[in-house]
Amino acid sequence: GESVGLHLPTLSVQEGDNSIINCAYSNSASDYFIWYKQESGKGPQFIIDIRSNMDKRQGQRVTVLLNKTVKHLSLQIAATQPGDSAVYFCAENFGPTGGGNKLTFGTGTQLKVEL
Amino acid sequence: SAVISQKPSRDICQRGTSLTIQCQVDSQVTMMFWYRQQPGQSLTLIATANQGSEATYESGFVIDKFPISRPNLTFSTLTVSNMSPEDSSIYLCSVAGTSRDTQYFGPGTRLTVL
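Residues numbered from 1 in each chain as written. Chains lettered and ligands numbered in written order. Predicted model: local features only at pLDDT ≥ 70, side-chain atom pairs only at ≥ 80, totals over all residues. Heavy atoms only, no water.

*Asks:* Mind showing me how you'd approach the overall build of chain B here?
*Replies:* Scanning chain B from terminus to terminus reveals 0 helices and 11 strands. When the helices and strands of chain B are read in sequence order from the N terminus, they spell out β-β-β-β-β-β-β-β-β-β-β. What you see for chain B is a C-alpha radius of gyration of 13 Å, in line with the 13 Å of a compact globule of 114 residues. Each principal axis of the C-alpha distribution contributes one length, and for chain B these read about 40 × 25 × 20 Å. For chain B, with 114 residues in total, the buried portion stands at 53%. Chain B carries 8 positive and 8 negative side-chain charges, and their two centres are separated by 6 Å. (Helix = DSSP H or I, 4+ residues; strand = E, 2+ residues; numbered from the N terminus. Rg over C-alpha atoms; globule rule 2.2 N^0.38 Å. Buried < 20%, exposed > 50% of the residue type's maximum accessible area, 1.4 Å probe, protein only. Lys, Arg positive; Asp, Glu negative; His and termini not counted. Charge placed at Lys NZ, Arg CZ, Asp CG, Glu CD.)

Now the structure itself:
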């Protein structure tokens, strides 16, 4: 079946640098996307979301970019801090008619912040 | 967002036994979900917990193995039945936010089956 995948399983960055985590999705019917952060021993934490009628959305230190042409999603973290070290998941929602509000998760990227 | 708690936070169980995991939300929510996260892997949806009716299971998950209850809009349980070591995972409940799209997760229950 269709799935959401990530290009890089592990990403190491220096503290203070910007991080970019990528995600490819294959379902063109997906209309809503979420990025989650999961720290060790914890449940996934909502970071930011974006709907398919947008191509960019900004939060505090984070930006999500959506390129529907190539079915690509990215999460940019500015001035990466040690507390950003975690596994990051993208998730897609096929919409109420396609998925009934269910989320399909990508494989995850481990972000390691080096001091 | 809603505050979600799960009990137990972790457990070690013997094969062949069953464990019931509780999920409690501090406000009424329309939709609740149960996920499994195997070691080092992503999240897989087990089922949607429906209030007042039988849960809706995803492909590969069956009610006999993962019975689910949802007696009201703030509480749900997931039972992992007749456990084997392959059931060792983190089990997570989530709830749909007011937009019905966004999901918020509980802290998870870490299950080890010996």
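That was the structure; now back to the text.
*Asks:* Help me out: how do you make sense of the interface of chain B and chain A in this one?
*Replies:* With 20 residues of chain B at the contact, the number on the chain A side is 20 residues. Among the residues of chain B in contact with chain A, Ser42, Asp101 and Phe105 of chain B are the three that bury the most area, contributing 32% of the side total. In this assembly, chain B and chain A are joined by 1 salt bridge. The shortest N-O distance in the salt bridge between Lys102 of chain A and Glu58 of chain B comes to 3.1 Å. On the surface where chain B and chain A come into contact, there are 7 residue pairs in polar contact (both at pLDDT 80 or more). Where the side of chain B that touches chain A is concerned, the elements lending two or more residues are β4 (32-37), β5 (43-49) and β10 (103-105) of chain B. Its residues assigned to classes, the side of chain B that touches chain A shows 9 nonpolar, 7 polar and 4 charged. (Contact = heavy atoms within 4.5 Å. Buried area = accessible area lost by both parts, 1.4 Å probe. Salt bridge = Lys/Arg side-chain N within 4 Å of Asp/Glu carboxyl O. Polar contact = N/O pair within 3.5 Å; in protein donor to acceptor, adjacent residues only side chain to side chain. Nonpolar A, V, L, I, M, F, W, Y, C, P; charged D, E, K, R; others polar.)

*Asks:* Where do I start with the sheet that holds strand β8 (residues 75-80) of chain B in this structure?
*Replies:* Strand pairing in a sheet is mediated by backbone hydrogen bonds. Such pairs are either parallel or antiparallel. All names here are of chain B. With antiparallel pairing, 4 strands are arranged side by side in an open sheet as β1-β3-β8-β7. Here the strands that pair on one side only, and so sit at the sheet edges, are β1 (4-7) and β7 (68-72). For this sheet the average axis-to-axis angle between neighbouring strands, irrespective of direction, equals 15°. (Pairing = 2+ DSSP bridges. Axes fitted to C-alpha atoms, helices over the stretch in contact; angles between N-to-C directions.)

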